[in-house]
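# Structural features, examined
Chain by chain, the residues run as shown.
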Amino acid sequence: MAIHENLLGGPPPTHLPDDPEPRELLASGAAPAEVAAKYPASSLAWAQLADDAFEAGRVVESYAYARTGYHRGLDALRRNGWKGHGPVPFEHEPNRGFLRALHALARAAQAIGEQEEYERCTTFLRESSPTAASTLG
């Protein structure tokens, strides 16, 4: 038996390819809006914009940024073999932008009273990555 064999018969985990430039720019203090403009496919940049807007009390803006990051992440997941379900491990750093955007979307949806979207996103996050659900809150 292989060490990483999937014994449950579900889809294998999806690991997005590394995209270090946006992550490095954000880590060096670049403005998230500049990073998102330069790398619009980066879920990480959109997730950071969503977090910053939420922390500043701009909940609707946070929702919009999070939804953009979420959809850009879905596009990337599909390009990398994801079929609409299955693990998206938080432990794989390139997956974190999508998972953060998904968490931010759930948080903003709850804040504006969009309960169904909050529940859908929360369930999706938990099913994609229990680690992300517990780490991101």
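Everything that follows concerns the structure shown earlier in this document.
This structure is a prediction, so every number in the text was calculated from the model and none was measured.

### Looking at the overall build of the chain
Tallying secondary structure elements over the chain gives seven helices and zero strands in all. Helices and strands in the chain line up, N terminus first, as α-α-α-α-α-α-α. For 137 residues, the compact-globule estimate of 2.2 N^0.38 gives 14 Å, and the C-alpha radius of gyration of the chain, at 15 Å, lies within 12% of that figure. Principal-axis analysis of the C-alpha atoms gives the chain an extent of 50 × 35 × 25 Å. Residues counted as buried form 39% of the 137 residues belonging to the chain. In the chain, once contacts between residues fewer than 6 apart in sequence are set aside, the share between residues at least 24 apart is 60%. Carbon and sulfur atoms form 54% of the exposed surface of the chain, whose accessible area is close to 7,600 Å².

### Here's the deal with helix α6 (residues 115-128)
Between the first and last C-alpha of α6 there are 20 Å, a value that for 14 residues agrees with the 20 Å anticipated at 1.5 Å per step. When we look at burial in α6, the residues that qualify are Glu117, Cys121, Phe124, Leu125 and Ser128. Down the axis of α6, the buried set is contained in an arc of 100°. They therefore lie on one face. Residues Glu116 and Glu127 are exposed on α6 and point more than 90 degrees away from its buried face. Each element contacted by the buried residues of α6 is listed here: α4 (59-79), α5 (96-111) and α7 (130-136).

### Looking at the environment of Tyr65
Within the secondary structure layout, Tyr65 lies in helix α4. For the pair formed by Tyr65 and Asp51, sequence separation is 14 residues and the distance between their alpha carbons is 8.8 Å. Residues contacting Tyr65, with those up to four places away along its chain left out, are Trp46, Leu49, Ala50 and Ala53.

### Considering the packing of aromatic side chains
With the rule as written, the count across this model stands at five aromatic pairs. Judged by centre distance (5.9 Å) and plane angle (20°), the ring pair of Trp82 and Phe124 falls under stacked. Taken together, the residues Trp82 in the loop between α4 and α5 and Phe124 in helix α6 connect sequence positions 42 residues apart. In terms of burial, Trp82 and Phe124 fall into one category: buried. In this structure an aromatic cluster arises from ring pairing among Tyr70, Trp82, Phe98 and Phe124. For Arg96, the ring lying beneath its charged end belongs to Phe90, and the centroid distance is 4.5 Å. Above the plane of the ring of Phe54 lies Arg107, whose end atom (NZ or CZ) is 4.3 Å from the centre.

### Digging into the packing of helix α3 (residues 43-55) against α4
Their axes nearest at 8 Å, the elements α3 and α4 cross at an angle of 165°. Here α4 runs roughly antiparallel to α3, going by the angle between their axes. Pair α3 / α4 crosses with left-handed handedness. For the pair α3 and α4, contact is made by Ser43, Trp46, Leu49, Ala50, Ala53 and Phe54 and by Val59, Glu61, Ser62, Tyr65, Ala66, Thr68, Gly69, Arg72 and Gly73, respectively. Residue composition of the contact of α3 with α4, grouped by class: eight nonpolar, five polar and two charged.

### Some words on the pattern of salt bridges
Applying the stated criterion across every chain yields a total of seven salt bridges. The shortest N-O distance in the salt bridge between Arg58 and Glu61 comes to 2.9 Å. When salt bridges that share partners are traced, they join Asp18, Arg23 and Glu93 into one network.

About the thresholds
- Residues numbered from 1 in each chain as written.
- Predicted model: local features only at pLDDT ≥ 70, side-chain atom pairs only at ≥ 80, totals over all residues.
- Heavy atoms only, no water.
- Helix = DSSP H or I, 4+ residues; strand = E, 2+ residues; numbered from the N terminus.
- Rg over C-alpha atoms; globule rule 2.2 N^0.38 Å.
- Buried < 20%, exposed > 50% of the residue type's maximum accessible area, 1.4 Å probe, protein only.
- Contact = heavy atoms within 4.5 Å.
- Areas by Shrake-Rupley, 256 points an atom, 1.4 Å probe, with all protein chains shown as cover.
- Expected span 1.5 Å × (residues − 1).
- Arc of directions from axis to C-beta.
- Phe/Tyr/Trp six-rings, centres within 6.5 Å; stacked < 30°, edge-to-face > 60°.
- Lys NZ or Arg CZ within 6 Å of the ring centre and 35° of its normal.
- Axes fitted to C-alpha atoms, helices over the stretch in contact; angles between N-to-C directions.
- Parallel < 35°, antiparallel > 145°, perpendicular 65-115°, else oblique.
- Left-handed = near helix turned anticlockwise from the far one by under 90°.
- Nonpolar A, V, L, I, M, F, W, Y, C, P; charged D, E, K, R; others polar.
- Salt bridge = Lys/Arg side-chain N within 4 Å of Asp/Glu carboxyl O.

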